[in-house]
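# Observations on the model geometry
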Amino acid sequence: MLSYAIRRMLILIPMLIVISFFIYSGLELMPGDAVSYMIDPEAAAEISPEKLDALRDSLGLNDPFVLRYVKWFGGVLKGNFGYSLSSGVPIRDIVFDRLPATLELSFIALILSTIFGSVLGFISAIRKGSIADNTLTIVGMLGVSVPQFVFGLVAILIFSLKLKWLPVGGRLMPEYVTYWDRFPHIIMPALVLAATMTAGVMRYSRSSMLDSMNKEYIKTARSKGLPEWRVNLVHGFRVALTPVIVLVGFRLPTLIGGAVVIEQIFQWPGIGNEFITAVRGQNFPLVMMIALFSVFAVLIASFLVDLFTAILDPRVKLG
């Protein structure tokens, strides 16, 4: 397993180079540039083309595409993430200022959805055909079908505006001293983000559990006279968790960028909001750095999923 882990880690750099190059190429196809976003159209009409060209040259926008990419990636390898084209703030500061808020929201949503989704899927599978199973199936379909922003707006309407139990949004306030002071602010966005994820995990867990219960080793365990709870939990649910782990493992990196809607609805100061602003402003260095973090998270998640799959399922061998 150690040799496999070392090989996988060594492959990360060439994979990052290839993927980041394709992302950089896609951004290059976008019309306009950062200068066109930074300067008001009316003000730009009064500025001479020479001054605009000089501004683009100072930002390195006139360099050939490949040269800009090589400079950017070379700086990343040296730990130099560059500066935001719109504000001039070091990208390192922007990312490390916004990323903790997104990770906090994503981890809580992931933990809640994994626990509730797995347990509800297990109950639905062992109660196949019952009222509980049919009810959970309907709830799961609704959870997957209804957009997150609908859940978010309904939650704000009920729990903030009507009942006044929870704040509308935000994360940090000057009077906050401890984490528990701001805990009420994260309850709604975390639960709303976890709602659709719970539905997906529940459906995967149910299908996987039903598939496991039809395997020969389950029949063998029952023939040995083992208690039904032990057959279901130890022999069935453990193997059934394998595809669920794969789903959950790949959900975390996508949550980093996928929490954009929730962050906007609840005014959560995370990296998703910053990413949308950077894309609109064609702030390519910031967009690329956030995208690179997301890609790296996906690759690490893939590596961890393989390890956990081998641990949970003895039939899986790491090559």
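For the structure given in this document, a descriptive report is provided here. Note that the coordinates shown come from a computational prediction; the quantities given were computed from them, not determined experimentally.

It is worth spelling out the nonpolar core at this point. Counting 25 residues, the largest nonpolar core has Trp72, Leu286 and Met289 as the members making the most contacts within it. At the level of secondary structure, the elements contributing two or more residues to this core comprise α1 (2-28), α5 (65-77), α6 (91-126), α13 (271-280) and α14 (284-312). For this core, the element with the most residues is α14, which contributes nine residues. Among the nonpolar cores identified, the runner-up in size contains 17 residues, and Leu166, Ile186, Ile262 and Trp268 belong to it.

Now for α5. With 13 residues, α5 should reach 18 Å at 1.5 Å per residue; the first-to-last C-alpha distance of 19 Å fits that figure. Within α5, burial applies to Phe65, Arg68, Tyr69, Trp72, Phe73, Gly75 and Val76. The buried side chains of α5 occupy one side of the element, clustering within an arc of 155° when seen end-on. Across α5 from its buried face, at more than 90 degrees, point the exposed residues Val66, Val70, Lys71 and Leu77. Two residues or fewer after α5 comes Gly79, characterised by a positive phi angle close to 90°.

All right, on to the packing of aromatic side chains then. Inspection of every chain in the model, using the stated rule, returns 10 aromatic pairs. Grouping aromatic residues by their ring pairs yields a cluster made of Phe21, Phe22, Tyr24, Tyr69, Trp72 and Phe73.

In this section: unusual backbone geometry. Unusually for a residue other than glycine, Lys164 sits at a positive phi of about 60°. Residue Lys164 is classed as exposed on the basis of its relative accessible area of 63%. Unusually for a residue other than glycine, Gln267 sits at a positive phi of about 55°. As for its position among the elements, Gln267 is in the loop between α12 (260-265) and α13.

This brings us to α6. One turn of the α-helix equals 3.6 residues, which is why residues spaced by three or four share an orientation. In this model, α6 (36 residues) spans 50 Å end to end at C-alpha, consistent with the 52 Å of a helix rising 1.5 Å per residue. Remark: the principal bend of α6, roughly 30°, maps to Leu99, with a proline, Pro100, within the next four residues.

Thresholds applied
The numbers attached to residues start from 1 for each chain and follow its sequence in the written order. Per-residue local features of the predicted model are confined to residues with pLDDT of at least 70, and side-chain atom pairs are confined, for both listing and counting, to 80 or more; whole-chain, interface and lining totals are unaffected and use all residues. For the side-chain quantities, the full set of heavy atoms in the structure was used; hydrogens and water were omitted. Here the nonpolar core consists of buried residues drawn from Ala, Val, Leu, Ile, Met, Phe, Trp, Tyr and Cys, with membership extended through side-chain atoms lying within 4.5 Å. Note on classification: 1.4 Å probe, protein chains only; a residue is buried when its accessible area is under 20% of the maximum for its type, exposed when over 50%, partly exposed between these limits. For the purposes of this entry, the term helix denotes a DSSP run of H or I that reaches at least four residues, the term strand denotes a run of E that reaches at least two, and both are numbered from the N terminus. In this scheme, a helix's expected span is set at 1.5 Å multiplied by one less than its residue total. This arc is taken over the directions from the axis of the helix to the C-beta atoms. Side-chain rings of Phe, Tyr and Trp, where Trp is taken by its six-membered ring, are said to pair if the distance between their centres is within 6.5 Å; with planes under 30 degrees apart they count as stacked, over 60 as edge-to-face, and otherwise as tilted. The angle separating two fitted axes, one through the seven residues that finish at a residue and one through the seven that start at it, defines the bend at that residue.

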